[in-house]
Amino acid sequence: MASSTAEQPSQRGPLLSMRDVSKGFPGVQALSGVDLELYPGEVLALAGENGAGKSTLMKLLSGIHAADAGEIVYEGEVLHLDGPADAQARGIGIIHQEFNLIPDLTVAQNLFIGREPRRWGWLDHRALNCQAQAYLDELHLPLAARQVVGDLTVAHQQMVEIAKALMGKPKVLIMDEPTAALNGNEVTLLHELIHHFMTPGMGVIYISHRMEELKAIAHRVSVIRDGANVGVRKVAGTDMDEIIALMVGRTVSTEHRPEHVRADRAELLRVRGLSTRDFLDDVSFDLREGEILGVAGLMGAGRTELARALIGADAIESGEITLRGRPIRIRGPADAAKHRIGYLSEDRKRFGLLLGQDVKFNITLATMADLFSVSGLVRDRQMAARSNELVDSLRIKTPSVRQPVKNLSGGNQQKVVIAKWLLKGCDILIFDEPTRGIDVGAKEEIYRLMNDLLSQGKSIIMISSELPEVLRMSHRIAVMCEGRLTAVLDADQADQEKVMHYATLSAAPAAETT
C-alpha cells in the first residue's frame, strides 16, 4: 500500500503530460512514443532497467534535450523549453543521478550558487552560512554549512543535492535515483522530506531501482522497457514482482539464500584487533574460503573504513592481518593487489574506473605491467584477447572492448571492475555497495556472478546499506557500529531486527558471535 507521503493525487487534470514522445541519438532509438502523466499531489514512480530510457525521458522534461516527436503539456499548455535554466524557472527541478556539485566549494556556497546574499554589493559570507545552516536544520539534515563538499561522503553529497533542489520550491520535482548512496535511515529521512515539502499542487517523479522504496513512497508506477511504455500500475494492491516482470520482460527470482558454508572450510583471512588512528577500534573477524561475509551497519559505522584499512588505503595503528596462516603487512592498495586482495569501491566511477578510457584499458589496467608489456611496449593484441574473454565470461554488454566505459550501464561498469580484479588473480574481493545505482535485473546478474566467484574458490567481503541484500547474499554477517564490530551472525539466524539491534549497540564490549 502506498505511503501517506502526500494526500492522494488530485482528481483534477494532470499537472504534466508527455504524449507520444520519441527521442533518438546516432545509432540508438532511446524513446519510442512514450506517454506519461503526473497529477497534482502525486508521487509517480518511474521504473525500468538501466538503459530503458528513464534518464533520457527526464532530460527531455528538464530541458537538457529536445524531443524528436510528441509534446509535453505542463499546467495546461504545450511546453517548449530553452534549456535547463528555463525548466528551473518554470518550476521543474531535477536531482540528477550524477552529482551536480562543485567539490571545492562549501555546502552553503553550493546551495546558494547564483543567488548568494549580498550586502552593499559584496558577498555576505555570514548571512550565506547562517541562512544555509538554518535551512539544513529545518530539513533535519546532518550537515554543516561550512563543510567543503569534496570532503563529504557520497551519501552526504547526495543530501546536499536534495537540499539544493528543494530550495527552488519546484512544482514538478524529478528525483533520479536519489537514494542510491543512502542507507535505510537516510531513505526514511528523504521520504519524510518529501512529505514535508509536498503540496496539493506539486508532483514528484521518483526513479529508483529499490522496489521496497517504490512501494513505500509512490502512488503509481509507470514502467518503460527498451524506450517504450509497458504498463502503469497503482502501487496499492500491486505485487512488486509484477513490476519487476514488466521491467525486465521476464520473471526474476528475488528470493535466494546462499548454501551454508561449512565450519570446516579453510580460513583464508584472519583479522585481529584492527585499529586505525581516526576510527576503527579493535576489529576482529575471519573470512573462510568460498564465503560471502556481509558487513552491515548504519552510515558512519566504519564499514568503508574497514575496507580501506584492509587494502592499506588507511594506515593501521595496531592489530594483525593473517592470510593463509601467514601474517602480512599491507602498506597500500598495490600491496593488497600483490596479496590478491581486490577492492571495488562504492564510488566506482571515481575510484574504480577511468571513464574516458575503453573497456579493454580498464580491464587490463591492474595487470598491464605484469602481463601485457615488454621493454615498455604494450602488447595491445593480447590485452584485447584477454579482455574479450572476460567480457564473454562475465556477460558484459558492450559493442566491443574498444567502447569507452563511460557509455556502459552501471551494472556493466561494475562487471568491468570485477573483470579487472579477476585478471589480477585476486582470491579475496571486497565489494563496497556492489549494486548501488543498478537496476533489479542487473542486480540479479551481479548476484549470480558473485555466486559463480564462490564456486571458483573466491571469497567475498560484501559491504551494503541494503539489509535485504545483506541477508540474502551473506553466509555470515559482521555488524558494525561507531568503528567497532558488535556481532558476527550466521545468516540463517539473522533478520533485520537483530542486525539493526547490533548496528545501534555502540557500547558493546566485544563482538558477539552466533
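Check the entry above for the structure.
Residues numbered from 1 in each chain as written. Predicted model: local features only at pLDDT ≥ 70, side-chain atom pairs only at ≥ 80, totals over all residues. Heavy atoms only, no water.

Visitor: How should the overall build of the protein be read in this particular structure?
Guide: When helices and strands are counted, the protein shows 18 helices and 25 strands. A compact globule built from 514 residues should have a C-alpha radius of gyration of about 24 Å, and the protein, at 24 Å, falls within 12% of that. In terms of principal-axis extent, the alpha carbons of the protein reach across some 70 × 50 × 50 Å. Taking all 514 residues of the protein together, the buried fraction comes to 54%. Working note: accessible area of the protein is about 23,100 Å², and carbon and sulfur atoms make up 49% of it. Both charge centroids of the protein, one from 58 positive and one from 67 negative side chains, sit 5 Å from each other. (Helix = DSSP H or I, 4+ residues; strand = E, 2+ residues; numbered from the N terminus. Rg over C-alpha atoms; globule rule 2.2 N^0.38 Å. Buried < 20%, exposed > 50% of the residue type's maximum accessible area, 1.4 Å probe, protein only. Areas by Shrake-Rupley, 256 points an atom, 1.4 Å probe, with all protein chains shown as cover. Lys, Arg positive; Asp, Glu negative; His and termini not counted. Charge placed at Lys NZ, Arg CZ, Asp CG, Glu CD.)

Visitor: Can you help me understand the sheet that holds strand β2 (residues 28–38) in this one?
Guide: Consider a sheet: its strands pair through backbone hydrogen bonds, and that pairing is either parallel or antiparallel. Strand order in the open sheet formed by 4 strands is β2-β1-β4-β5, with antiparallel pairing between adjacent strands. Of all the strands in the sheet, just β2 and β5 (77–78) have a single pairing partner and so form its edges. (Pairing = 2+ DSSP bridges.)

Visitor: Explain the side chain of T435 to me, please; I cannot follow it from the model alone.
Guide: Relative to the helices and strands, T435 is located in the loop between β21 (428–432) and α16 (440–455). The buried category is assigned to T435, whose relative accessible area is 1%. Polar contacts involving the side chain of T435 include one to the side chain of E469, which spans 2.5 Å. (Polar contact = N/O pair within 3.5 Å; in protein donor to acceptor, adjacent residues only side chain to side chain.)

Visitor: Please clarify how the pairing of strand β16 (residues 316–323) should be interpreted in this entry.
Guide: Within a regular beta strand, the side chains point alternately toward one face of the sheet and then the other, so they alternate between its two faces. Examined bridge by bridge, strand β13 (residues 267–276) and β16 share 6 bridges and lie antiparallel to one another. Considered in β16, the bridge of T276 is made with I316. Bridge count between β16 and strand β17 (residues 326–328): 3 bridges; the pairing is antiparallel. Bridge pairing in β17 links T322 to P327. Between β16 and β17, which pair antiparallel in sequence order, lie 2 residues; one of them, R324, sits at a positive phi of approximately 50 degrees.

Visitor: I'm lost on the sheet that holds β17 in this one. Help?
Guide: Taken together, 4 strands build an open sheet; the order of strands is β14-β13-β16-β17 and the sheet is antiparallel. Two strands bound the open sheet, and with one partner strand each, they are β14 (283–288) and β17. Neighbour-to-neighbour, the strand axes of the sheet open up by a mean angle of 20 degrees, direction not taken into account. (Axes fitted to C-alpha atoms, helices over the stretch in contact; angles between N-to-C directions.)

Visitor: Quick question: what am I supposed to make of helix α14 (residues 380–393) here?
Guide: Count 3.6 residues to each turn of an α-helix, and residues three or four apart come out pointing the same way. Between its first and last C-alpha atoms α14 spans 20 Å; for 14 residues at 1.5 Å apiece the expected length is 20 Å, and the two agree. For α14, the elements touching its buried residues are α12 (359–364), α13 (368–371), β20 (377–378) and α15 (410–423). Directly after α14, the chain includes R395, whose backbone phi takes a positive value near 55 degrees. (Expected span 1.5 Å × (residues − 1). Contact = heavy atoms within 4.5 Å.)

Visitor: Mind showing me how you'd approach α15 here?
Guide: Relative to the 20 Å expected for 14 residues at 1.5 Å per residue, α15 spans 20 Å between its end C-alpha atoms, a close match to the ideal helical length. Phi turns positive, to about 85 degrees, at G425, one or two residues after α15.

Visitor: Even after reading the chapter, I still don't get the environment of L293, so can you show me in this structure?
Guide: Secondary-structure assignment places L293 in strand β15 (residues 292–296). The spacing of L293 and I430 is 137 residues in sequence and 9.5 Å in space, taken between C-alpha atoms. Beyond its immediate stretch of four places on either side in the chain, L293 contacts F285, D286, L287, I460, I461, M462, R476, I477 and A478.

Visitor: I'm lost on unusual backbone geometry in this one. Help?
Guide: Working note: non-glycine residues mostly have negative phi, and peptide bonds are mostly trans. Of note, the phi angle at H140 is positive, near 60 degrees, even though the residue is not glycine. Mapped onto the fold, H140 is located in the loop between α4 (125–138) and α5 (154–167). Judged by its relative accessible area of 62%, H140 is exposed. In this model, R340 sits at a positive phi of 65 degrees, which is unusual for a non-glycine residue. Tracing the chain through its elements places R340 in the loop between α10 (333–338) and β18 (341–344).

Visitor: What should I look at first to understand the environment of R233 in this one?
Guide: Positionally, R233 belongs in strand β12 (residues 228–234). For R233 and R326, which are 93 residues apart along the polypeptide, the C-alpha to C-alpha distance reads 57 Å. Sequence-distant contacts of R233, defined by excluding residues within four places in its chain, comprise R220, V221, T238, E242, I243 and L246. A polar atom in the side chain of R233 sits 2.7 Å from the side chain of E242.

Visitor: Would you explain the side chain of D432 in this entry?
Guide: On the secondary structure map, D432 appears in strand β21. Buried charge D432 goes without a salt bridge, the closest partner of opposite sign being R303 at 6.5 Å. If we skip the residues at most four places from it in the chain, D432 touches T304, Y343, L344, S345, E346 and I463. (Salt bridge = Lys/Arg side-chain N within 4 Å of Asp/Glu carboxyl O.)

Visitor: Explain the pairing of β14 here, please?
Guide: Burial of the side chains of β14 is restricted to one face: V283, F285 and L287 are buried, whereas none of S284, D286 and R288 on the reverse face is. Note that β13 and β14 share 5 bridges and pair antiparallel. Within β14, the residue paired with E267 across the bridge is R288. A loop of 6 residues connects β13 with β14, the two strands running antiparallel in sequence, and D282 in this loop sits at a positive phi of about 60 degrees.

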